[in-house]
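# Per-entry structural report
So you can see what is in the structure, the chains are spelled out below.
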Amino acid sequence: DSLTQQGGSYPLTGLESGVQYCIEIKAKNNIGSTEPYVFTKATFAVPDRPNVTVTSVSLYETRQTIHWNVSSTGGTEILNYTVTWSKDPGFTSEEMAETLSMTLNLPGLTKGTMYYTRVYATNCLGSNVSTVESFLTRCYPGQPAQPSVILSDQSTKLMFK
C-alpha cells in the first residue's frame, strides 16, 4: 500500500498482531524525491502459552515448586506471570500468586492431596494461559508409636500401633 501525505504523522491501521512489516518513507517535491528511508517493525502480540513443569522430586508435604517458560513474549516485555492452583480441576476455588520469575514455590498445601495449577503470561496486549498441570503432594507416614515386645520361650513378638 502507498500513501501521499503532507507532513505530520499517519497511523497505520489494520495491521495483524505479531507480524513484521517493512515501511518505506521518502520525501517528494516539484524537483524530485529522496532516496527512501526503509525500516522494519514488528507489531506486538500476546505472549505464547506458558509451558509448565511441576518439580516431581519434592521432599516437602505442604509445598511444591513449579517452573515454566514462554517461547515468545509477543515482542514486548512480560508484565507479570499469574500462577493459580486449586484442589478442584475446574478452579472454582483457587489460590493465586503473581511474579516476574519463571519459578514459584506453592506454599500451604495439604499433604497427600491432588492439586491443579496453571500459569498466565501477561504483556501490554493481554494474557495467554498454560494448559492445566496436576501434581500430588507427598504424604510421609508418621513415626510409629513405641513398639511393645513380648518374649516367650519359643518366639518374640514385636508389636507396633
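Residues numbered from 1 in each chain as written. Predicted model: local features only at pLDDT ≥ 70, side-chain atom pairs only at ≥ 80, totals over all residues. Heavy atoms only, no water.

### Digging into the overall build of the protein chain
- Within the protein chain, the regular secondary structure consists of 0 helices and 12 strands.
- Each helix and strand of the protein chain, placed in order from N terminus to C terminus, yields the pattern β-β-β-β-β-β-β-β-β-β-β-β.
- Across the 161 residues that make up the protein chain, the buried fraction comes to 25%.
- Taking the contacts inside the protein chain whose residues are at least 6 apart along the sequence as the reference set, 53% of them involve residues at least 24 apart.
- Approximately 11,700 Å² of the protein chain is accessible, and the part contributed by carbon and sulfur atoms is 52%. (Helix = DSSP H or I, 4+ residues; strand = E, 2+ residues; numbered from the N terminus. Buried < 20%, exposed > 50% of the residue type's maximum accessible area, 1.4 Å probe, protein only. Contact = heavy atoms within 4.5 Å. Areas by Shrake-Rupley, 256 points an atom, 1.4 Å probe, with all protein chains shown as cover.)

### Some points on the pattern of salt bridges
- According to the stated counting rule, one finds 1 salt bridge in the structure shown.
- Here Arg118 makes a salt bridge to Glu94, at a shortest N to O gap of 3.2 Å. Linking Arg118 in strand β8 (residues 114–123) with Glu94 in the loop between β5 (80–86) and β6 (95–99), this pair joins segments that are 24 residues apart in sequence. (Salt bridge = Lys/Arg side-chain N within 4 Å of Asp/Glu carboxyl O.)

### Observations concerning the pairing of strand β11 (residues 148–151)
- With 4 bridges joining them, β11 and strand β12 (residues 156–159) adopt antiparallel strand pairing. Paired with Val149 across the two strands is Leu158, which belongs to β12.
- Connecting β11 to the next strand, β12, in antiparallel fashion are 4 residues. (Pairing = 2+ DSSP bridges.)

### Topic: unusual backbone geometry
- The phi angle at Phe91 is positive, at roughly 55°, despite the residue not being glycine.
- With respect to the element layout, Phe91 can be found in the loop between β5 and β6.

### Here's the deal with the nonpolar core
- Of all hydrophobic cores here, the largest spans 16 residues; its most connected members are Trp68, Val83, Trp85, Leu104 and Leu106.
- For this core, the secondary structure elements donating two or more residues are β4 (64–69), β5, β7 (103–106) and β8.
- Among all residues touching Trp68, those that are not within four sequence positions of it are Pro50, Asn51, Val52, Tyr81, Val83, Thr99, Ser101, Met102, Thr103, Leu104 and Val119. (Core = buried A, V, L, I, M, F, W, Y, C linked by side-chain atoms within 4.5 Å.)

### Thoughts on the sheet that holds β4
- One open sheet accounts for 3 strands, arranged β3-β4-β7; its pairing is antiparallel. Strands at the two margins of the open sheet, each flanked by one partner only, are β3 (51–54) and β7. Looking at each pair of strands side by side, their axes are set apart by 25° on average, direction ignored.
- Sheet topology note: the β3/β4 ladder contains 4 bridges and is antiparallel. Across the sheet, residue Asn51 finds its bridge partner in β4, namely Asn69. (Axes fitted to C-alpha atoms, helices over the stretch in contact; angles between N-to-C directions.)

### Quick notes on the packing of aromatic side chains
- In total, this model carries 2 aromatic pairs according to the counting rule given.
- Centre to centre, the rings of Trp68 and Tyr81 are 5.6 Å apart; their planes meet at 65°, and the pair counts as edge-to-face. With Trp68 in strand β4 and Tyr81 in strand β5, this residue pair connects regions lying 13 residues apart in the sequence. By the burial criterion, Trp68 is buried, and Tyr81 matches it.
- Each ring, one from Tyr115 and one from Phe135, has its centre 5.7 Å from the other, and the planes form 15°; the classification is stacked. Remark: Phe135 occurs in strand β10 (residues 133–136) and Tyr115 occurs in strand β8; sequence separation between them is 20 residues. Assigned by exposure class, Tyr115 and Phe135 land together as buried. (Phe/Tyr/Trp six-rings, centres within 6.5 Å; stacked < 30°, edge-to-face > 60°.)

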